[in-house]
Amino acid sequence: MIIVALLVMMAITTVVIALRRNLLAVVILAGIYSFLMATVLVALDAVDVAMTEAAVGAGISTVLFLGALHLGGGEEMQPLHKPFLPLMVAVATGAVLVYGTLGLPAFSDAGAPIHQHVAPRYVQEGLRETGVPNIVTAVLASYRGYDTLGETTVVFTAGIGVIVLLRRLRRRKREGKP
Amino acid sequence: MKDYLVLRVIAKLMIAFMLLFALYVQFHGDFGPGGGFQAGVIAAAAIIFYAIIYGLPAARAVVPDRLVETMVAAGVLLYAGVGVAGLLLGGNYLDYFVLARDPVDGQHRGIFWVEMGVLITVAGVMLKIFYLFAGREEDEG
């Protein structure tokens, strides 16, 4: 019930974001959207993900958006083209995704394939094998250690990419000055 | 926002607790929700909060650029190093069972250092991106 209410509020936030032209309001609404999403994740008992959503989605990205607004100005341009073709593409994609969810097993269905593969072993043997009561940590850091190493490398690569892009701009500017 | 007394005082009070919460999320991640990624983001958010209230130069004095850039690479190296340590001790790559005499202790040790690596890289990358974005204006001016 609470999840439905939150999802309705998220949908309203999205529509308002699409309609607004003032980008400061859009950034704040995007932060609100992230907080609503974090609340949904808490309601789904995924506290780890909720923490990340609240800290990254609502916190750090809002700050970065505000920084970008400060550099680039706060009003969105009027659209150059009619929005009907993008709207149709978006509606068609959404319809395909909704059609896809019809084939999924019901929410929290214990017989779903994803709960039959390796998950039972993690749940039953995780505490004995790793001594870590939080199964999320046991899976992330131990059973799926390779994947997490890959994820950390992705974060590293993203950071290096931003450093390379923004730093080069700065140096060129410095060289340009007499 | 350097001139707002209320913000400065409240920020000073809150930042200590934010950093403490980051440490809690990091080291209590075995038992409660959380882990390296969450702790790294929360720690970075605390420093970003400090930078917003006290200005970017003040934050750069506390956490210098050189340290942040070292953190970006050091975390991944620490994570990969745990795997190499497993190899040297006669196990497979990222095999924690060989890290201590008791396999469960080895798991604890491996998870601890791996999560530490994630924390260092994530906090470093978040801070670096923020520094670069927030520092653009100074360089252009």
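Caption draft 1: Highlighting the interface of chain A and chain B. Taken together, the 37 residues of chain A in the interface contact 44 residues of chain B. For the side of chain A that touches chain B, the secondary-structure elements that each account for two or more residues are helix 3 (47–72), helix 6 (135–143) and helix 7 (145–176) of chain A. With 15 residues, the top contributor of residues to the side of chain A that touches chain B is helix 7 of chain A.

Caption draft 2: Representation of the environment of V62 of chain B in the model. All names here are of chain B. Looking at the secondary structure, you find V62 in helix 3 (residues 56–62). Under the C-beta neighbour-count criterion, V62 is labelled exposed, with 11 such atoms within 10 Å. Sequence-wise, V62 and I47 are 15 residues apart; in three dimensions their C-alpha atoms are separated by 8.8 Å.

Caption draft 3: The arrangement of helix 3 of chain A in detail. Residue and element names in this part refer to chain A. Between its first and last C-alpha, helix 3 extends 35 Å over 26 residues, near the 38 Å set by a 1.5 Å rise per residue. At S61, helix 3 shows its strongest bend, of approximately 30 degrees. Buried within helix 3 we find D48, A50, M51, T52, E53, A54, A55, V56, A58, G59 and V63. Looking one or two residues beyond helix 3, the residue adopting positive phi is G73, at roughly 90 degrees.

Here is what the cut-offs are and how they apply
- Residues numbered from 1 in each chain as written.
- Chains lettered and ligands numbered in written order.
- Predicted model: local features only at pLDDT ≥ 70, side-chain atom pairs only at ≥ 80, totals over all residues.
- Contact = placed C-beta atoms within 7 Å.
- Helix = DSSP H or I, 4+ residues; strand = E, 2+ residues; numbered from the N terminus.
- Buried ≥ 20, exposed ≤ 12 C-beta atoms within 10 Å, placed from the backbone.
- Expected span 1.5 Å × (residues − 1).
- Bend = angle between axes of the 7 residues up to and from the residue.

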